[in-house]
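Here's the letter readout for the chains.
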Amino acid sequence: MLKNFYEQMRKSSEEEFQRRPRAWLMYTIQLTSTLLKAFEEDAKVVWTTYYSFPMELLAAFNVVPFDFEIACNLLPGADPKCSVDIMTKAEARGYSLDLCSFHRLALGSYFQGYFPRADLLLSTSHFCDGKTKTNQILAQYYGKEAIMLDIPNELSKESVAYVSGQLQTIACKLEEVSAHKLDFDRLRECVRASNRARIAYGRLGELFKTKPFPWDGARLCNLSIIGNMFAGTPFQEQLYLKIIEECEQRMAEGTVLPEEFRILWLAWFPAQRTNINEIFRKNKVSIVMSELARVYWDELDEANPFEGMALRCLKNPYVGPIEQRLNGVNRLLDQYAVDGAIHFSTTACRHANASFRLIKDAVAKRDIPFLVLDGDMSDERSYSVEKTRFLLESFIELMAARK
Amino acid sequence: MKNARYRIGWLCSFVPEEIVMAAGLLPLRLSGQGEAATVADAYIYSNLCPYVRSILALGINGKANGLDGLVFVRSCDGMRRMYDLWRSYVGTRFTYMLEVPKNRDGTAMEYYASQLRKFASALEQEFGVKITTASLNQAVKTANQVRKLMQQIYKLQRGVPLPLPGSEVFQLGLEGMRMDKESFVAKLKKYYSKAKSQVKQRGGKGKVRVLISGNVVDRPELFNLIEAAGADVAAADLCTAMRYFDYPVEENSDDPYLALAQRYLGKLRCARITGLAEHFAELKELVKTYAVDGVVYTSVKFCDQHLYDAPYLMEKLKDDRIPVLFLENDYTWGNIGQLKTRVEAFVEMLDSGRR
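Residues numbered from 1 in each chain as written. Chains lettered and ligands numbered in written order. Predicted model: local features only at pLDDT ≥ 70, side-chain atom pairs only at ≥ 80, totals over all residues.

A. Structural context of the interface of chain B and chain A. Counting residues at the interface gives 37 residues for chain B, matched by 34 residues for chain A. Only helix H3 (77–89), helix H4 (106–127), helix H11 (276–289) and helix H12 (304–319) of chain B provide two or more residues apiece to the side of chain B that touches chain A. Sorting elements by how many residues they give to the side of chain B that touches chain A places H12 of chain B first, with 9 residues. (Contact = placed C-beta atoms within 7 Å. Helix = DSSP H or I, 4+ residues; strand = E, 2+ residues; numbered from the N terminus.)

In structure tokens:
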């Protein structure tokens, strides 16, 4: 079922691309092609976390990366009813409604037999407990090994060595799975590609400071999560450069949408269908930056790629004491001249939600309106269209009053 | 550390009290019991771990003021964010986040040992004390005495019929987490000697035997409920019970920090440590060792670590024909009335299975 869905998605994107060769279509084609490769019989499929695992390491091997969260959560935007049906299959097996809908959808997809094979299941402790737990559960069902890349909360030479050591162990596992020794030259090339993409990503971030904002805020949020899946491949840089080209073209042609209010988006953007974009468009609100779209890491050291990848993991805004996240938020508030900040709190995202008060207080110090918007990433049963409309329209009124 | 000048609170059984004791400080487990968590709503979502919420409420209400320090662990998402909230809105003279790996291989052990050394240095710096290899080895011996005595008591509990009420053993253990270890050792010695004589006096087939497994339980309500339903609680695989007392630390080690790391990471597995299959194997071993008829698996609400594991573990237990009952609780056990019928039915089912 998922396979058919990706095939249709790729086909329609390819057809559309023939007519309008846009960056977003390039991205969709690449994403769906990667997901479809995982269903090929001879593929060596390594399950991972696209948005936080050092993908350069996987790019250095002949393996297909597959992320069950991203793979499943393309569905709620296209078919919310079907997604809920799949979630109920996990709920019927005892997975509580209090758990993240991303993971209920993934577990339900497994129970329905929608997933491809798994040769190795990797996850990271970066973001949430739920992802690593789901990974372990699925590994049990597949009878394959699950490895968690454990990222400590502190940055020190010991933690860098610890994470770097784990990455080297994972590299050995990847050698077994792919039946190829790690080629260091190839890894260095992947790191170079990643560094080039980092520069392009930084340029994109600079472009987003332009008023009015020249791109699409929801896509920006999406890209900040899934863009990392291409790290280590030339495609990542190509994608960012193409987006830059499109933005510059729009600016030159004067076809950028009008803008009254500029928003900094915090935490996640819902994968399911919502009325957020509609409300924003109607009220000329742009999401101009997302906290995860910031280049928070240094260039990876080609001579010492494991350490470089470890450092990036440890500098992630969701790792470490809250200051690591708040520093990033404050920097973006400084740089993007926003009229307000919105924290989207998906019900079960404990690590992000548990910081709402600290972020609220930090934003309040700058006298910038702040909204905690409760909702759900994928489960339409936990999303209220009218409540969202009421909250967002009230927030827009507040921003207007402050102008 | 009966006469310790400073009191250091801790929240997770991965905090080696030995280091605190070696510094001449008094380690005390902080419980959020009796604290209405509603005051925490202004700081944290209501769908977050009620243990975390209760502790935060305790701090906000000024009821942790007697502590000179509080040690957090990266146990879970809720706890690491509580560390941030505590520093920002409560504050203690010494607020420390101890890094504990979630894996338990050699690299993890070494990293954990390095973090324990850092923790010791931080205590030394803050309280102007010195932790020596000798003082640490002495603290290890004292803590091991507690473990040894508690294990002896738990060993008695393998007997049929159950010699001691499970609720009593559980409460005894809780007490030990909140008092100095020397006094607790003295208390345990007396208790154990009395308990041994009771074993000889009892006979018969005994009642239905239950293992409680789960996370943080700070009150005896569940134990009382099971006992009132006519069953015995033979063992408790909880953060606040066996996972605190099991396995000794290697004594007189040249590297006591590594010895501590090995014991703490190697102890009975809690859900935060990777290895679901190993967790199930350990659970099964406990079922066998304590000859229990069934398992009550309990978790505080919104504990992702346990709520994700529960369906898989229950499925595996059932595959092995081990009856299991899953009970979610709100940490205060305010919902105990609602659980009564389910517990009674479970005990009745276990009882009929024996006949």
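B. Main features of the sheet that holds strand S3 (residues 69–73) of chain B. Residue and element names in this part refer to chain B. Pairing within the open sheet is parallel, and its 4 strands lie in the order S2-S1-S3-S4. Each of the sheet's edge strands pairs with one partner strand only, and the pair in question is strand S2 (26–29) and strand S4 (94–98). Taking the axes of each pair of neighbouring strands and ignoring which way they run, one obtains an average angle of 25° across the sheet. Summarising the sheet, strand S1 (residues 7–10) and S3 pair through 3 bridges and their orientation is parallel. By the bridge assignment, Ile 8 is partnered in S3 with Gly 69. (Pairing = 2+ DSSP bridges. Axes fitted to C-alpha atoms, helices over the stretch in contact; angles between N-to-C directions.)

C. Region of interest: the sheet that holds strand S5 (residues 261–267) of chain A. All names here are of chain A. A sheet is described by the order of its strands in space; here 4 strands give the open sequence S6-S5-S7-S8, paired in parallel fashion. The strands lining the two open edges of the sheet, one partner per strand, are strand S6 (285–290) and strand S8 (370–375). This sheet shows a mean twist of 30° between the axes of neighbouring strands, independent of strand direction. In this sheet, S8 lies alongside strand S7 (residues 340–346) in parallel orientation, the contact comprising 6 bridges. Bridge pairing in S8 places His 343 opposite Val 372.

D. Spatial organisation of unusual backbone geometry. Cis geometry is adopted by the peptide bond preceding Pro 212 of chain A, which originates at Lys 211 of chain A and carries an omega value of -10°. The topology assignment puts Pro 212 of chain A in the loop between helix H10 (184–207) and helix H11 (217–226). Of note, the bond from Val 160 of chain B into Pro 161 of chain B is cis; its omega dihedral lies within 30 degrees of zero at -5°. Relative to the assigned elements, Pro 161 of chain B resides in the loop between helix H5 (133–156) and helix H6 (166–176). Of note, the phi angle at Phe 302 of chain B is positive, near 65°, even though the residue is not glycine. Along the chain, Phe 302 of chain B turns up in the loop between strand S7 (294–300) and H12. Judged by C-beta crowding, with 24 C-beta atoms within 10 Å, Phe 302 of chain B ranks as buried. (Buried ≥ 20, exposed ≤ 12 C-beta atoms within 10 Å, placed from the backbone.)

E. Spatial organisation of the environment of Lys 89 of chain A. Its place among the elements puts Lys 89 of chain A in helix H6 (residues 80–92). In the structure, Lys 89 of chain A is positioned 42 residues away from Trp 47 of chain A in sequence and 22 Å away in space, judged by C-alpha atoms.

F. Focus on the domain arrangement of chain A. All names here are of chain A. Split into domains, chain A comes out as domain 1 (2–183) and domain 2 (185–402). Taking only C-alpha atoms, the centre of domain 1 and the centre of domain 2 are 21 Å apart. Tallying the contact residues gives 49 residues for domain 1 and 46 residues for domain 2. Put simply, the parts of the chain that give the side of domain 1 that touches domain 2 at least two residues each are helix H2 (23–37), helix H3 (55–59), helix H5 (75–78), H6, helix H7 (101–111) and helix H9 (157–178). Taken together, the residues of the side of domain 1 that touches domain 2 break down into 30 nonpolar, 13 polar and 6 charged. (Domains from an automatic or database assignment. Nonpolar A, V, L, I, M, F, W, Y, C, P; charged D, E, K, R; others polar.)

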